[in-house]
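# Survey of secondary and tertiary structure
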Amino acid sequence: MKALCWYGKRDLRVMEVPEPEILGPRDAIVRVSLSAVCGSDLHLYNGHVPSMERGDILGHEFVGTVVDVGGRVEGFRPGDRVAVPFTISCGRCFFCERELWSLCDNSNPNAYAAEALYGYSPAGIYGYSHLFGGYAGGQAEYVRVPFADSGLLKLPESVSDEKAVLLCDVFPTGYMAAENCSIQEGDTVAVWGAGPVGLLAMKSASLLGAERVIAIDRFPERLGLASRLADAVALNYEDVDVDEALRDITGGMGPDACIDAVGMEAHGKGHGRVYDAVKNKLRAETDRPTALRQAILACRKGGTVSIAGAYAGYVDKVPVGAAFNKGITIKGGQTHVQKYMPRLLNLVEDGKADPSDVITHSFGLEEGPIAYEVFKHKEDGCVKVVLKP
Amino acid sequence: MTRYEPRYPKTGKDVNVGPSERLLSVLLGGYMAARGVRKGRLGGLATALAGGYLMYRGSTGRCNLYEKIGVSTARRAIEIDESVIINRPVHEIYSYWRNLGNIPEFMRHIEEVRVIDDKRSHWVASAPGGIKVEWDAEITGERENEYIAWKSLPFSDIESEGMVEFSTAPGHRGTELRVHMIYNLPGDGASAPVQRLLAAISFRQIREELRRFKQIMETGEVPTTEGQVRGRAVGE
Ligand SMILES: [Zn+2]
Ligand SMILES: [Zn+2]
């Protein structure tokens, strides 16, 4: 089969590899009909996530059809059309039982390595480095799905691949980011990053009762999309002082909740940007928390900062004093995808939400390397890329 | 007031760092070493973990990772105390473990445990290089759903004793399992296989073995990516 493989920083190759096989009794094999490229795949592409190996198959957002199941899979049969959550979860541990799916105790075969970095290991993730299990990803023709019964969502005919593929990660991630804001009727929510997750966080914030949504980005097309799809007030941080603008819009009070949908590769502006660049080079800081710093400083007293963007390691100069003295709640985490998939599928089925309007580009799987470049440089208004095997 | 006391010393008297630091260094070092050995290539990972390692070094003011690993592998006795919480009731965990023949399922350094009778069993451990170390063991004490203790019999290749304790974890979290194992050299002379075995057993290995036990009990399998497909050019 064909698969998109990581070969190094900005070096992806479409390779001919053997088809995956059942390795455990609860495995399923899925023939992929559509996969997507995630913003966090760009962190791998740009070489920011440790423990990638040459030949790793990328991709953690994909839908397809079950073609084979292991002996202990109960709920799925060959022929079932499914979406696959990016978090690999056993369904039986303390965390899975409490719907903290991304924190599964049992799904990371390299848990010891993640423990060295994080103290305790989170769940395994498809195509997301060996720290997260080294599982082969879904930017391929076929993929192996461990713990199929707690890792697959059956899709009704009426929901297209394009809509379904966004249920694997970015829609639940945006939704969880908004849910973590504990939105009250009438709240103002500011979102850093108008990429797919940011856009879906904005839509979700409105669904959950926010009265006003503010989008912060530097790409005019993305800000345009935020205004159009989520009715957001657009702030281009290259043109305006974000802190001042947020104060201005909120009558001097600050947003009730701030969502960082940017994560470790923020661009930012000014001194902070230079500071992080230097620290990154010296390996004294792995991530660039520009958006997080701004969000904490801008948030109103007693408000919430919700982190949806991916961070991998250590960050510096996070204004803890502001967070403490303003009584701010900070929430975050990899998405507990299985918890959100069914309810978001319902919203999609009922026509109350259409996440697929964030998809701007479609490529064949063999054009994967080009797709990543286009996505990385946000060429041609690129927001979300899907790959067809 | 209940004061926490470590049940058994995790460190030999020749080691002067705390258990958590040691564990961290062993985890890191073990991982790095394993990758290095497996891939013959340490660069990528060393870079990868540099962030974490630097923080470790920064917070302790130490940079003697390798030295410590050296210490832990060169020791002449191995003493291990580890615990794990398993999301299953005590009686299930106890009965699985009481059938000592199940132990090789999750302890990779134990190749075989042959149950001889209600008390006695024959143990075979494999040391690197395909060499085997064997001993007979006897259950020296047990109480259903509480503990099992065993000890090697005289004239074994190695002196080994162990105890595993079971208790109901608070907060409906299933079973808390504590394992205490000691491998000692018999007398003063140690055969090469025994030395190899001792050198191969580490904290990390025992932790991984307990993790596998937990995985089997909770999910019925040991999750793995071994044998999965990956993009390798032919001949690469
Ligand atoms: Zn993602
Ligand atoms: Zn789990």
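As shown above, the structure is provided for reference.
Residues numbered from 1 in each chain as written. Chains lettered and ligands numbered in written order. Predicted model: local features only at pLDDT ≥ 70, side-chain atom pairs only at ≥ 80, totals over all residues. Heavy atoms only, no water.

## A short note on the overall build of chain A
Tallying secondary structure elements over chain A gives 13 helices and 18 strands in all. Projected onto its principal axes, the C-alpha coordinates of chain A cover approximately 60 × 50 × 45 Å. For chain A, the proportion of its 389 residues judged to be buried stands at 62%. In chain A, the proportion of contacts linking residues at least 24 apart, taken out of those at least 6 apart, comes to 70%. Side chains of chain A carry 40 positive and 51 negative charges; the gap between the two charge centres is 4 Å. (Helix = DSSP H or I, 4+ residues; strand = E, 2+ residues; numbered from the N terminus. Buried < 20%, exposed > 50% of the residue type's maximum accessible area, 1.4 Å probe, protein only. Contact = heavy atoms within 4.5 Å. Lys, Arg positive; Asp, Glu negative; His and termini not counted. Charge placed at Lys NZ, Arg CZ, Asp CG, Glu CD.)

## Let's talk about the overall build of chain B
Within chain B, the secondary structure is distributed over eight helices and seven strands. Across the 236 residues in chain B, those meeting the buried criterion constitute 45%. Here the analysis covers contacts within chain B between residues at least 6 apart in sequence; of these, 53% occur between residues at least 24 apart. When the accessible surface of chain B is summed, it comes to about 11800 Å², and 52% of that surface belongs to carbon and sulfur atoms. (Areas by Shrake-Rupley, 256 points an atom, 1.4 Å probe, with all protein chains shown as cover.)

## Topic: unusual backbone geometry
All names here are of chain A. In this model, Glu99 sits at a positive phi of 60°, which is unusual for a non-glycine residue. Tracing the sequence through the fold places Glu99 in the loop between α2 (94-97) and α3 (111-118). If you check the backbone angles, Asp380 has positive phi at about 60° while not being a glycine. Along the chain, Asp380 turns up in the loop between α13 (368-376) and β18 (385-388).

## A word on the coordination of the zinc ion (ligand 1)
Residue and element names in this part refer to chain A. At the metal site, the zinc ion (ligand 1) is ligated by Cys38 (SG), His60 (NE2) and Asp169 (OD), and these contacts range over 1.8 to 2.2 Å. Mapping the donors of the zinc ion (ligand 1) onto the primary sequence gives the spacing C-x21-H-x108-D. You can see Cys38 sitting in the loop between β3 (28-37) and α1 (39-45) and its partner Asp169 sitting in the loop between α4 (161-165) and α5 (170-179), a full 131 residues away along the chain. We classify Cys38 as buried; its relative accessible area is 5%. (Donors = N, O, S within 2.8 Å, 3.2 Å for Na, K, Ca; no water.)

## Observations regarding the pattern of salt bridges
In a structure, side chains of opposite charge can pair up when their charged atoms sit close to one another. Residues and elements named next belong to chain A. The full count for this structure, using the stated rule, is 26 salt bridges over all chains. With a closest N to O distance of 2.9 Å, Arg81 and Asp161 form a salt bridge. With a gap of 80 residues between them, Arg81 in strand β6 (residues 81-84) and Asp161 in helix α4 connect regions that are remote in the sequence. The partly exposed category is assigned to Arg81, whose relative accessible area is 24%. (Salt bridge = Lys/Arg side-chain N within 4 Å of Asp/Glu carboxyl O.)

## Concerning the sheet that holds strand β5 (residues 147-152) of chain B
All names here are of chain B. Here we have seven strands laid out as an open sheet, ordered β1-β7-β6-β5-β4-β3-β2, and antiparallel in their pairing. Of all strands in the sheet, those with a lone pairing partner are β1 (78-86) and β2 (110-115), marking the two edges. Ignoring which end each strand starts from, the neighbouring axes of this sheet average 20° apart. Direction of pairing for strand β6 (residues 159-168) relative to strand β7 (residues 175-184): antiparallel, over a ladder of 10 bridges. Within β7, the residue paired with Met163 across the bridge is His180. Sheet strands touched by helix α5 (residues 90-98): β1, β4 (131-143), β5, β6 and β7. Its angle to β6, the strand with the most contacts, is close to 160°. Contacts from helix α8 (residues 203-219) reach β1 and β7 within the one sheet, and its direction differs from that of β1 by about 25°. (Pairing = 2+ DSSP bridges. Axes fitted to C-alpha atoms, helices over the stretch in contact; angles between N-to-C directions.)

## Considering the coordination of the zinc ion (ligand 2)
Residues and elements named next belong to chain A. Looking at the zinc ion (ligand 2), one finds its protein donor set to be Cys90 (SG), Cys93 (SG), Cys96 (SG) and Cys104 (SG), positioned 2.3 to 2.4 Å from the metal centre. Metal-centred angles of 101 to 118° between the four donor atoms at the zinc ion (ligand 2) mark the site as tetrahedral. If you list the donors of the zinc ion (ligand 2) from N- to C-terminus, the spacing comes out as C-x2-C-x2-C-x7-C. Of this pair, Cys90 sits in the loop between β7 (87-88) and α2 while Cys104 sits in the loop between α2 and α3, placing them 14 residues apart in sequence. Residue Cys104 is classed as buried on the basis of its relative accessible area of 1%. (Tetrahedral: all angles 85-135°; square planar, octahedral: opposite > 155°, others 65-115°.)

## Quick word on the packing of aromatic side chains
Tallied over the full model, the rule gives 14 aromatic pairs over all chains. With a centroid separation of 5.8 Å and 45° between ring planes, the pair formed by Tyr96 of chain B and Phe213 of chain B is classed as tilted. Of this pair, Tyr96 of chain B sits in helix α5 while Phe213 of chain B sits in helix α8, and the two are 117 residues apart along the sequence. Of the two residues examined, Tyr96 of chain B and Phe213 of chain B, each falls in the buried class. The structure contains a cluster of three or more aromatic residues connected by ring pairs, namely Tyr96, Trp97, Phe106 and Phe213 of chain B. The ring of Phe76 of chain A has Lys154 of chain A sitting right over it, with the charged end atom 5.1 Å from the ring centre. (Phe/Tyr/Trp six-rings, centres within 6.5 Å; stacked < 30°, edge-to-face > 60°. Lys NZ or Arg CZ within 6 Å of the ring centre and 35° of its normal.)

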